[in-house]
Amino acid sequence: MAYWILRSEPETYSWDDLVRESGTEWDGVRNYAARNFIKEMKPGDEALFYHSGKQKAAVGVMEITRSWKADGADQQWASVRVEPCRPLAKPVMLAAIKAEPKLARLEMLRQSRLSVTPVGADEWKVLLDMSRA
């Protein structure tokens, strides 16, 4: 199993929207690096739903339920199906992520403009532990 962070501005599409709809097609990503990460996703992988914009916090855990398919009129982009698993007991704020030395190499921090980034297994455990503290 692989782990990911998928970011969305809550004004556009939020965790509550995902829960209400019981899942969605994670589409509209128009960055080549992020697209390549989407193409690596497999059913059963888990992802943190991260609210970007004003909140800047991970708020829930999603499951990737379908491998990628072509997205966009030119079919050069990619999308996956995601479904909500559970909300985090406590949002994990960006400030806390940046302050945690064990997350210093987190791809989301290294490539902050990407809306889709991988998370290592050890980093995933730290992030989930932070959501319980």
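Heads up: the structure comes first, above all this text.
Residues numbered from 1 in each chain as written. Predicted model: local features only at pLDDT ≥ 70, side-chain atom pairs only at ≥ 80, totals over all residues. Heavy atoms only, no water.

Engineer: Sorry, what's going on with helix α2 (residues 32–40) here?
Structural biologist: Among all positions in α2, only A34, R35, F37 and I38 are buried. Axial view of α2: buried residues confined to an arc of 160°, hence all on one face. In this fold, the buried residues of α2 make contact with β1 (3–8), β4 (57–71), β5 (77–93) and β6 (116–119). The N-cap of α2, judged by a side-chain oxygen 2.9 Å from the amide nitrogen of A33 a few residues on, is N31. (Buried < 20%, exposed > 50% of the residue type's maximum accessible area, 1.4 Å probe, protein only. Helix = DSSP H or I, 4+ residues; strand = E, 2+ residues; numbered from the N terminus. Arc of directions from axis to C-beta. Contact = heavy atoms within 4.5 Å. Polar contact = N/O pair within 3.5 Å; in protein donor to acceptor, adjacent residues only side chain to side chain.)

Engineer: So what exactly am I meant to see when it comes to the nonpolar core here?
Structural biologist: Soluble globular proteins tend to bury their nonpolar side chains together. Counting residues in hydrophobic clusters, the biggest one holds 22 residues, and the most contacted among them are L6, W26, M41, F49, M62, V82 and V116. Contributing elements (two or more residues each) for this core: β1, α1 (15–21), α2, β3 (46–51), β4 and β5. Of all hydrophobic cores here, the second largest spans 19 residues; its members include I5, A58, L103 and W124. (Core = buried A, V, L, I, M, F, W, Y, C linked by side-chain atoms within 4.5 Å.)

Engineer: When you look at the packing of aromatic side chains in this model, what are you seeing that I'm missing?
Structural biologist: Considering all chains together, one arrives at five aromatic pairs under this definition. Taking the centre distance of 4.6 Å and the plane angle of 20° together, the rings of Y3 and W124 count as stacked. In this pair, Y3 sits in strand β1 while W124 sits in helix α5 (residues 121–132), placing the two residues 121 residues apart along the sequence. A relative accessible area of 18% places Y3 in the buried class. Ring centres of W26 and F49 lie 5.5 Å apart, and the angle between their planes is 85°; on these two criteria the pair is classed as edge-to-face. Here F49 lies in strand β3 and W26 lies in strand β2 (residues 24–26), a separation of 23 residues in the sequence. Exposure class is identical for W26 and F49. Each is buried. Each member of the aromatic cluster is reached from another via a ring pair, and the members are W15, W26 and F49. For K39, the ring lying beneath its charged end belongs to W68, and the centroid distance is 4.5 Å. (Phe/Tyr/Trp six-rings, centres within 6.5 Å; stacked < 30°, edge-to-face > 60°. Lys NZ or Arg CZ within 6 Å of the ring centre and 35° of its normal.)

No statement about biological role is implied by the geometric values presented.
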